[in-house]
Amino acid sequence: AQKITQTQPGMFVQEKEAVTLDCTYDTSDQSYGLFWYKQPSSGEMIFLIYQGSYDEQNATEGRYSLNFQKARKSANLVISASQLGDSAMYFCALVGGFQKLVFGTGTRLLVSP
Amino acid sequence: EAGVAQSPRYKIIEKRQSVAFWCNPISGHATLYWYQQILGQGPKLLIQFQNNGVVDDSQLPKDRFSAERLKGVDSTLKIQPAKLEDSAVYLCASSPWTVVGEAFFGQGTRLTVV
């Protein structure tokens, strides 16, 4: 069975600071992928970043980076230089065998001026 | 490239009524997902199709929910009869899952059952 755990219901950060959103996962699949999605109040799901289980380097996309620690089964999202527009819900997701895609419960990030 | 299309965007029905949602995935995407997202929670996978076959429907309440994907393209999700706890956003996503894939989401259908 696949499971994603996000233990932070909410996080606060000041503009221009960095923030880390935690994600741990559990899967019996050898090959899998981890995603982070952003969901603003408008409700759309916006893809941010992807990490494959066999990728040796941590994924980066602009201000987003994924701190992938395979042995600890964690895939934390780091947002550098937070902006007011980063305020949203953030979901970690896991894709495993048969492309089953499961989500965590999410973390609400609030960026203050 | 056109995105995932869903309709309607909003729907309000009374409990015990029936409702149907439609999803048109991105052309060529073999995998299609339906998720239920209750306010304040993460998306819960209801059903996953690979072409027109069901890969996973373990969390679909089959006594009231049904879904189909005819010809491996468009999909419909139906609820009959609806309950108050079905109030949620229903998200459709599709993916090619070729090399490194991502699931592309539609804007969702917000269902309110009163």
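Refer to the structure presented above.
These numbers were taken from a predicted model, which means no experiment stands behind them.

Draft legend 1. Geometry of the nonpolar core. All names here are of chain A. Within the largest apolar cluster, 25 residues are counted, with the highest numbers of intra-cluster contacts made by Ile 4, Leu 34, Trp 36, Ile 49, Leu 77 and Tyr 90. Of all the elements in the fold, those that place two or more residues in this core are β3 (19–21), β5 (33–39), β6 (46–52), β8 (64–69), β9 (74–79), β10 (88–95) and β12 (107–112). At four residues, β10 tops the list of elements feeding residues into this core. Excluding residues that lie within four positions of it along the chain, Ile 4 makes contacts with Cys 23, Thr 24, Tyr 25, Leu 34, Cys 92, Ala 93, Leu 94, Val 102, Phe 103 and Gly 104.

Draft legend 2. Molecular detail of the state of the cysteines. Residue and element names in this part refer to chain A. Summed over all chains, the structure comprises two disulfides over all chains. Across a sulfur-sulfur distance of 2.0 Å, Cys 23 and Cys 92 are joined as a disulfide pair. What sets the handedness of the Cys 23 and Cys 92 disulfide is the S-S torsion sign, and at about -65 degrees it is left-handed. A residue pair is termed long-range when its members are at least 10 positions apart, and Cys 23 in the loop between β3 and β4 (24–26) and Cys 92 in strand β10 qualify at 69 residues. For the pair shown, Cys 23 and Cys 92 are each scored as buried.

Draft legend 3. Seen up close, the pairing of β5 of chain A. All names here are of chain A. The buried count for β5 comes to seven of seven residues, which makes it a mostly enclosed element. Residues Gly 33, Phe 35, Tyr 37 and Gln 39 of β5 are buried on one face, and the alternating residues Leu 34, Trp 36 and Lys 38, pointing to the opposite face, are buried as well. Where β5 and β6 come together, six bridges link them in antiparallel fashion. If you follow Phe 35 over to β6, its bridge partner there is Tyr 50. Bridging between β5 and β10 involves seven bridges; their strand directions are antiparallel.

Thresholds applied
- Residues numbered from 1 in each chain as written.
- Chains lettered and ligands numbered in written order.
- Predicted model: local features only at pLDDT ≥ 70, side-chain atom pairs only at ≥ 80, totals over all residues.
- Heavy atoms only, no water.
- Core = buried A, V, L, I, M, F, W, Y, C linked by side-chain atoms within 4.5 Å.
- Buried < 20%, exposed > 50% of the residue type's maximum accessible area, 1.4 Å probe, protein only.
- Helix = DSSP H or I, 4+ residues; strand = E, 2+ residues; numbered from the N terminus.
- Contact = heavy atoms within 4.5 Å.
- Disulfide = S-S within 2.5 Å.
- Pairing = 2+ DSSP bridges.

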